[in-house]
Every structure is written in structure tokens, then in C-alpha cells.
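Close look at the chain arrangement
Here is how the chains run, residue by residue.
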Amino acid sequence: MNRSNIILIGMPGCGKSTVGVVLAKAAGYRFLDSDLVIQEQEGMLLSEIISERGIEGFAETENRINASINTEKTVIATGGSVIYGQQAMEHFKNIGLVVYIRLPYEQIKKRLGDLTKRGVSIRPGQTLRELYDERAPLYEKYADIIVDEDDLDISDTALRIAGLAMDHFAGRAQE
């Protein structure tokens, strides 16, 4: 399989799914939300999977399903906890360009409502700040490109990613 996909990673609330739809239209790609794939394959909501199987069980399910996604010329919006799944992230690095949509903590906090209703994988007693600080280095570790969304709207973020991705793909084609 070629490396033609664009995989979006980042904190819940950073806009991966929303930006992903706009990006897919701009790039002429398909769009896939990996959280929806998980829900479809498991027959339950993310919050129900977490409630029933716990954080570890959800992580195993998320890793297994993400590692099995095979597509081309697709923008893939992932769940915020995807970076805990080593097999999934290695798979994504093999099938596409991994883009970290980075947003400062204060903006993430403002955008997120009830974390349990969103199906956010957070340990009991863990604060959003602790989760953010734990995940940020992992997003940076796996990212081929980091896009700071701080002062951008959805369209600007999508266009910036599209430009960077096309430059990346064009550069790789010349190698």
C-alpha cells in the first residue's frame, strides 16, 4: 500500500473530524473517522466501550481496529488516545502522513464539555491538564508534521494541512 493517506492526531476538541472533512474535500480525498469505525465494528458508543471494558480494554480495541484500517487517498481523523496504540501508530506511519493538530491547553479546555459523554479515555481522578501534558509529547513523537491551530479557523487549518501534505507527497515522489 502506498503512503497516500493523511492521518490527523491531537487532543479531543482540537477539530480533527471537522478539519478532516474540509481537508478531504479540498484534497479530493475520502474521509474516515476512526472513532466511528470503532463504534460500528463494536456495536456500541465509545463511552459504552470504556464503561464496559475499562480504559485498558478500550485501548486494546482502539489499537486493534486502527491497526487494521487499510485505505488510500483518505483523510483519517483518529481518536485522541490513538497515540497509546503502538501497532496502530506504526501502521498509520506506514500508510500515510501523520499530522498533529496542536491547540493550547486553554483552548482545549474551553472547547470540551463533559469528558465522559465524549468518550474521552481518561483515568479516574486524572485531570484534563494531566491528560494534555501526558499526551502532547506522544503526539509530537509520532507526527510527521505539526500544525498549530491557535490562530486558525477550520478552513485555514485544512488548507494549511493540504498545502503541507501535498508538498510532502511531491517531495517524496521526487526521491
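Quick summary incoming for the structure in this document.

Rules behind the numbers
Residues numbered from 1 in each chain as written. Predicted model: local features only at pLDDT ≥ 70, side-chain atom pairs only at ≥ 80, totals over all residues. Heavy atoms only, no water. Axes fitted to C-alpha atoms, helices over the stretch in contact; angles between N-to-C directions. Helix = DSSP H or I, 4+ residues; strand = E, 2+ residues; numbered from the N terminus. Parallel < 35°, antiparallel > 145°, perpendicular 65-115°, else oblique. Left-handed = near helix turned anticlockwise from the far one by under 90°. Contact = heavy atoms within 4.5 Å. Nonpolar A, V, L, I, M, F, W, Y, C, P; charged D, E, K, R; others polar. Polar contact = N/O pair within 3.5 Å; in protein donor to acceptor, adjacent residues only side chain to side chain. Buried < 20%, exposed > 50% of the residue type's maximum accessible area, 1.4 Å probe, protein only. Pairing = 2+ DSSP bridges.

1. Some thoughts on the packing of helix α2 (residues 34-42) against helix α3 (residues 46-67)
At their nearest, the axes of α2 and α3 sit 11 Å apart, and the two run at 110° to each other. Here α3 runs roughly perpendicular to α2, going by the angle between their axes. As α2 packs across α3, the resulting crossing turns out to be right-handed. Contacts between α2 and α3 involve S34, D35, V37, I38, Q39, Q41 and E42 from the first element and L46, I49, R53, T61, E62, R64, I65 and N66 from the second. The class makeup of the residues in the contact of α2 with α3 is 5 nonpolar, 5 polar and 5 charged.

2. Some details on the side chain of R3
Structurally, the position occupied by R3 is in the segment before β1 (5-9). A polar side-chain atom of R3 sits 2.7 Å from the main-chain carbonyl oxygen of G96.

3. Quick look at the pairing of strand β4 (residues 96-102)
Taken across its 7 residues, β4 has 6 buried, putting it largely inside the fold. In the sheet, β1 pairs with β4 via 5 bridges, with the strands oriented parallel. When the sheet's bridge partners are listed, I7 is paired in β4 with V98. Looking at chain direction, β4 and strand β5 (residues 145-148) are connected through 4 bridges and run parallel. Residue pairing for β5: Y100 is matched across the bridge by I146.

4. Some points on the packing of α3 against helix α4 (residues 86-95)
When two helices pack together, their arrangement is given by the angle between the helix axes and by the axis-to-axis distance. Contact pair α3 / α4: the axes reach a minimum separation of 7 Å and the direction vectors enclose 20°. The pairing of α3 with α4 is recorded here as roughly parallel in orientation. Classified by chirality, the crossing of α4 by α3 is left-handed. Residues N63, N66 and A67 of α3 lie in contact with α4, whose contacting residues are Q86, Q87, A88, H91 and F92.

From the geometry alone we can't say anything about function, so treat these as descriptive.
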